[in-house]
Structure formats: C-alpha cells, structure tokens
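The residues making up each chain are set out below.
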Amino acid sequence: MAEAYIKGIGTYAPQRVMTNFDWEKVLDTSNEWILQRTGIRERRIAAPEEVTSDLGAQAARDAMEAAGVSPGDIDLLICATASPDTLLPSTACWMQPKLGLEGKPAFDISAACSGFAYGLTIAEQFVKAGKCNNVLVVGAEMLSRMMDWEDRSICVLLGDGAGAAVVSSEGDGGRILGSRLHADGTYAELLWMPAGGTRMPASHETVEKKLHYYTMKGNELFKIAVKSMADVTRELLEELGMEDEGIDWIIPHQANVRILQSLARRLRVPWERVVVNIERYGNTSAASVPLAWKEALSQGKIQRGDRLLLVTFGGGLTWSAVLVEW
Ligand code: COA
C-alpha cells in the first residue's frame with residue numbers, strides 16, 4: 001500500500017501576549033494558581049480584526065513553504081476547529097480563497113482538541129488510497145472568542161493560534177506509521193457549549209444565561225485524559241508491534257502540564273522527551289500539537305528518523321494517537 005508523509009509543518013500565533021498577571025487585573029485569580037495548577041504563564045490573543053480562518057491561512061502558507069509546494073499542488077483542504085468563523089459555511093471554505101485554493105474540496109472537522117490528529121488521519125487515508133497527492137491539514141482556533149472572560153474555571157486556560165501540515169504521497173521523511181482515533185459521546189457535557197445549535201437555538205434567554213460559551217468540568221476531564229491518552233498509545237504501539245521504548249518524542253496536546261507529567265510516567269518516557277510549550281501558549285485546542293511540533297523542529301530537538309508520538313485528548317470526548325517517523 002502507498003505511504004503518507006508529513007512534508008512540511010507551519011504555524012501562526014497572534015502578536016498580542018496576555019500574561020497571568022494581566023488576568024490577575026481583571027479576574028479573581030493569581031499567577032501562582034494558574035502556573036502551579038496548569039503550567040501556563042501566558043497565551044496569545046487574536047487582534048479584533050482577525051478571524052479563525054485568518055490564523056489558519058497564515059499557518060497553511062507557512063506549511064506550504066516548509067513543504068516546498070504551491071497552492072496548485074494541494075488537492076484537499078481540511079480544517080479542524082472548535083471556534084469556527086461561522087457555523088455555516090465551514091471555516092475551511094472561508095480559508096480557501098485566502099489560500100488560492102478555489103474549487104478544491106474543503107471541509108471542517110469537529111473533534112475539538114483532537115482535531116489536528118483526526119485531520120492528519122483523514123488526510124493519511126486520502127493519500128494512501130491514491131485520491132490525493134497533497135492534503136493541507138489546518139488546526140486553527142480563536143478560543144478567546146468562545147469563552148466567558150469572567151469564568152475563571154476555563155478562561156485562564158485557553159489561547160489563540162494555528163498550525164498546519166502538508167500530508168503528501170511523497171517524502172524523504174515524516175512517514176506516518178499508524179494512527180488510532182477514539183470518541184465517547186456519553187461524556188459530551190464535560191466540555192461543551194450548550195446553546196447556539198439545534199438543542200438550544202439562540203434566544204435572549206440563552207444570551208442572558210451565558211449559554212453560548214464553553215463550559216467545562218476540569219477535574220473530571222483530568223482523570224480521563226491521562227488514562228485515555230496512555231491507552232490509545234498502547235493500542236497503537238501494539239498494532240505496530242512496538243514497545244514504549246520505540247517513542248523518541250511525545251508531542252502531546254497541551255492542556256495541562258500535570259496531565260503531561262502523568263502521561264510521561266505512565267508511558268515510561270523521560271520528561272525531557274516530552275515537547276511542552278503550554279507555558280507560552282496555554283491550551284490552543286486543535287492548534288496545540290503543530291505549535292509544539294514546529295517549535296521543537298526549530299529548536300533542532302527532533303532528528304531525522306526519530307519516532308514522534310502525537311497524542312491528543314479533548315471535548316467530545318475525543319482522543320487519538322498518531323506515530324510519525326521523522
Ligand atoms: N484561579 C484561582 N482559583 C481557581 C481558578 C482560577 N483560575 N479556577 C478554579 N479555582 C479554584 C476553584 O474554585 C476551587 O476552589 P475551592 O477549592 O475553594 O472550591 C479550587 O481552585 C480547585 O478547583 P479545581 O477545579 O478542583 O482545580 P484543579 O486542580 O482540578 O485544576 C484545572 C483545574 C481546570 C486546571 C484542571 O482540572 C485541568 O486542567 N483539567 C483538565 C482540563 C482539560 O483537560 N481540558 C480539556 C481537554 S482539552
């Protein structure tokens with residue numbers, strides 16, 4: 001069967017930095033609480049004139065440049081987002097003309113923080129089936145517009161950003177070795193936005209009750225996150241006939257540094273081998289894995305041939321693992 005390769009990765013982070021000390025000024029919270037409980041020091045906040053598809057388009061251009069491909073080479077655009085420009089049409093459709101991809105198929109996927117790994121896995125199938133030569137997968141989020149800035153249980157955790165990858169039928173590295181996806185909708189209400197869909201259409205009452213914002217049961221999610229990310233990794237390694245020792249780097253979804261520490265212990269991977277940049281970006285949902293990945297590449301940490309475990313967890317609940325040989 002044909003192979004699929006990650007040919008290039010791109011990112012974009014908005015200019016404005018918002019620190020924990022900035023949150024202290026407007027909310028009953030502290031730098032100490034946020035840093036100790038989550039590992040976050042600061043996050044990026046998009047400019048008023050930006051929308052999610054702008055962030056995604058910047059990251060997509062960066063990924064195409066890194067891959068050495070032009071818009072004419074791209075066969076399909078997939079956007080993973082939990083903070084779309086609009087519910088209709090998709091953010092991928094808003095992004096498409098910004099990238100000169102008019103006429104090419106484009107769609108969104110809704111898998112929250114697992115969206116980028118879900119997107120890579122979908123792209124992998126199109127490439128391996130011979131339907132596409134180059135698929136652009138974008139994870140773009142503007143969570144600052146989906147959260148209640150007065151709800152300290154969630155707003156201090158989130159940030160804005162975007163990442164992208166070109167998944168290609170050809171490459172001299174970056175081969176996708178395997179992937180596993182999971183979801184369990186019985187936990188949907190642990191992280192959700194109650195109103196704005198068919199369950200509860202927008203009304204004066206939904207706005208007054210602040211039902212158009214994300215709401216989260218953080219400590220319940222915490223326990224499930226560690227177990228599910230460890231389990232999906234073991235499943236994938238078993239399928240590939242590999243042991244934990246086969247992982248050179250974990251590039252995880254950046255939700256909480258304590259979740260990542262527990263995960264590293266469970267998988268017996270040394271902490272220095274976990275790519276962590278939550279300190280500077282917070283939780284950027286579908287953008288977090290490519291933001292961490294590109295940063296580790298720029299820092300020269302990742303060498304050709306290293307095996308990279310991308311592992312995610314998020315609303316849905318969704319969780320997934322992808323293994324890449326760089
Ligand atoms: N600043 C100060 N205090 C805060 C606070 C904030 N921003 N947010 C909550 N608190 C308070 C709570 O009110 C509570 O106070 P109480 O003990 O007086 O009732 C106390 O801190 C502990 O709250 P709790 O929610 O139990 O904290 P925690 O240790 O579980 O940390 C999270 C909260 C959200 C950081 C943590 O649960 C987490 O990261 N969960 C996973 C998030 C996740 O994975 N998200 C989705 C996947 S993408």
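See the structure printed just above.
Residues numbered from 1 in each chain as written. Predicted model: local features only at pLDDT ≥ 70, side-chain atom pairs only at ≥ 80, totals over all residues. Heavy atoms only, no water.

### Brief notes about the pairing of strand β6 (residues 134-142)
Then, in step 1: By the criterion of burial, β6 is predominantly enclosed, with nine of the nine residues buried.
Then, in step 2: Here β6 shows two buried faces, one formed by Asn134, Leu136, Val138, Ala140 and Met142 and the other by Val135, Val137, Gly139 and Glu141.
Then, in step 3: Pairing of strand β4 (residues 76-80) with β6 involves five bridges; the strand directions are parallel. Note that in β6 the partner of Cys79 across the bridge is Val138.
Then, in step 4: Bridge analysis of β6 against strand β7 (residues 160-168) gives nine bridges, and the strand direction is antiparallel. Across the sheet, residue Val138 finds its bridge partner in β7, namely Ala164. (Buried < 20%, exposed > 50% of the residue type's maximum accessible area, 1.4 Å probe, protein only. Helix = DSSP H or I, 4+ residues; strand = E, 2+ residues; numbered from the N terminus. Pairing = 2+ DSSP bridges.)

### A few points about the environment of Ala123
Then, in step 1: Assignment of secondary structure puts Ala123 in helix α5 (residues 115-128).
Then, in step 2: In this structure, the C-alpha to C-alpha distance between Ala123 and Val137, residues 14 residues apart in sequence, is 7.3 Å.
Then, in step 3: Excluding its chain neighbours within four sequence positions, the residues that come into contact with Ala123 are Ile78, Val135, Val137 and Val167. (Contact = heavy atoms within 4.5 Å.)

### Observations concerning the pattern of salt bridges
Then, in step 1: Under the definition given, this model contains 17 salt bridges.
Then, in step 2: A salt bridge links Asp22 to Lys25; its shortest N-O distance comes to 3.4 Å. Here the residue Asp22 and the residue Lys25 both occupy positions in helix α1 (residues 20-26), the gap between them amounting to three residues, near one helical turn.
Then, in step 3: Asp22 gets classed as partly exposed once you look at its relative accessible area, which sits at 25%.
Then, in step 4: One salt bridge in this structure joins Lys294 and Asp62, with 3.6 Å as the shortest N-O distance. Of this pair, Lys294 sits in helix α10 (residues 288-298) while Asp62 sits in helix α3 (residues 52-67), placing them 232 residues apart in sequence.
Then, in step 5: Here Lys294 falls in the buried class, since its relative accessible area comes to 18%.
Then, in step 6: Exposure remark for Asp62: the relative accessible area of 23% places this residue in the partly exposed category. (Salt bridge = Lys/Arg side-chain N within 4 Å of Asp/Glu carboxyl O.)

### What about the packing of helix α7 (residues 218-239) against helix α8 (residues 257-267)?
Then, in step 1: Viewed as axis vectors pointing N to C, α7 and α8 meet at an angle of 35°, and their least axial separation amounts to 9 Å. The handedness of the crossing between α7 and α8 is right-handed. Residues Phe222, Ala225, Val226, Lys227, Met229, Ala230, Thr233 and Arg234 of α7 form the contact with α8, whose participating residues are Arg258, Ile259, Ser262, Leu263, Arg266 and Leu267.
Then, in step 2: Split by residue class, the contact of α7 with α8 holds eight nonpolar, two polar and four charged. (Axes fitted to C-alpha atoms, helices over the stretch in contact; angles between N-to-C directions. Left-handed = near helix turned anticlockwise from the far one by under 90°. Nonpolar A, V, L, I, M, F, W, Y, C, P; charged D, E, K, R; others polar.)

### A short note on the pairing of β4
Then, in step 1: Taking burial as the measure, the five residues of β4 include five buried ones, the bulk of the element.
Then, in step 2: Burial of the side chains of β4 extends over both faces: Leu76, Ile78 and Ala80 are buried on one face and Leu77 and Cys79 on the other.
Then, in step 3: For β4 and strand β5 (residues 106-109), the ladder comprises four bridges, and the chain directions are parallel. Counted as the bridge partner of Cys79 is Asp108 from β5.
Then, in step 4: Regarding the hand of the β-α-β motif, the stretch spanning β4, helix α4 (residues 91-98) and β5 is right-handed. (Right-handed = clockwise from strand over helix to strand, strands pointing away.)

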